[in-house]
Amino acid sequence: TIAYSILWDLKFLMRNLALGGGLLLLLAESRSEGKSMFAGVPTMGESSPKQYMQLGGRVLLVLMFMTLLHFDASFFSILQNIVGTALIILVAIGFKTKLAALTLVVWLFAINVYFNAFWSIPAYKPMHDFLKYDFFQTMSVIGGLLLVVALGPGGVSMDEKKKEW
């Protein structure tokens with residue numbers, strides 16, 4: 001990061017925070033729930049640190065998409081910003097989370113293959129390293145989104161609150 005002078009780049013920071021969100025989701029999944037006083041009896045209204053870790057992971061994970069917003073006047077750019085922002089908000093608040101996260105996975109994978117095609121640039125050029133780094137960093141965020149798709153949004157989400165209503 002120091003050699004390429006990207007240490008204080010906002011895009012670099014957002015992408016690394018998104019990676020931290022994916023790791024936080026993985027850590028939350030690996031944690032076991034605390035033992036209840038009454039074995040086998042579910043508790044109502046208590047929230048565990050795992051649920052807040054899942055919320056923090058979801059919020060950090062969507063920071064990746066903030067780097068994909070472009071403020072051009074083209075139709076595709078405006079459409080991408082509107083759809084991307086809507087999906088980001090849905091994942092962050094936990095509403096229709098699995099569907100929104102799966103849509104983001106497909107969308108991000110397509111954008112990643114198109115924009116970060118490091119295989120089309122000779123290995124001796126510095127741009128090859130930049131694109132390769134961005135490609136695999138984006139694939140890591142896709143992995144975090146797939147965790148959300150597989151495991152759900154967690155206890156602190158709109159989807160979970162709908163079950164109570």
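Only a predicted model underlies this, so the values are computations on that prediction, with no experimental measurement involved.

What counts and what doesn't
Residues numbered from 1 in each chain as written. Predicted model: local features only at pLDDT ≥ 70, side-chain atom pairs only at ≥ 80, totals over all residues. Heavy atoms only, no water. Helix = DSSP H or I, 4+ residues; strand = E, 2+ residues; numbered from the N terminus. Buried < 20%, exposed > 50% of the residue type's maximum accessible area, 1.4 Å probe, protein only. Areas by Shrake-Rupley, 256 points an atom, 1.4 Å probe, with all protein chains shown as cover. Axes fitted to C-alpha atoms, helices over the stretch in contact; angles between N-to-C directions. Left-handed = near helix turned anticlockwise from the far one by under 90°. Contact = heavy atoms within 4.5 Å. Nonpolar A, V, L, I, M, F, W, Y, C, P; charged D, E, K, R; others polar. Parallel < 35°, antiparallel > 145°, perpendicular 65-115°, else oblique. UniProt positions renumbered as here; feature names shortened; annotations may be inferred.

1. Focus: the overall build of the chain
Tallying secondary structure elements over the chain gives seven helices and zero strands in all. Going from the N terminus to the C terminus, the chain shows its helices and strands as α-α-α-α-α-α-α. Taken over 165 residues, the chain has a buried fraction of 35%. For the chain, the computed accessible surface area is about 10300 Å², with 71% contributed by carbon and sulfur atoms.

2. Some points on the packing of helix H1 (residues 10-30) against helix H6 (residues 126-151)
With their axes 9 Å apart at the nearest point, H1 and H6 run at an angle of 35° to one another. Classified by chirality, the crossing of H6 by H1 is left-handed. Note on element contacts: H6 touches H1 through Tyr 133, Asp 134, Gln 137, Thr 138, Ser 140, Val 141, Gly 144, Leu 147, Val 148 and Leu 151, opposite Lys 11, Phe 12, Arg 15, Asn 16, Ala 18, Leu 19, Gly 22, Leu 25, Leu 26 and Glu 29. When its residues are assigned to classes, the contact of H1 with H6 shows 10 nonpolar, six polar and four charged.

3. Quick look at the packing of H1 against helix H2 (residues 49-61)
Taken N-terminus to C-terminus, the directions of H1 and H2 make an angle of 155°; their axes are 7 Å apart at the nearest point. Considering the angle they form, H1 stands roughly antiparallel to H2. Here the hand of the crossing between H1 and H2 comes out left-handed. On the side of H1, the interface is formed by Leu 17, Ala 18, Gly 20, Gly 21, Gly 22, Leu 24, Leu 25, Leu 27, Ala 28 and Glu 29, while H2 contributes Lys 50, Met 53, Gln 54, Gly 56, Gly 57, Arg 58, Leu 60 and Leu 61. When the residues that make up the contact of H1 with H2 are grouped by side-chain class, the tally is nine nonpolar, six polar and three charged.

4. Examining the UniProt feature "transmembrane region" (unreviewed entry) in the chain
Using the residue numbers shown here, the UniProt feature "transmembrane region" (unreviewed entry) corresponds to residues 86-115 and 135-156. In the segment residues 86-115, helix accounts for 90% and strand for 0%; the C-alpha atoms at its two ends are 22 Å apart.

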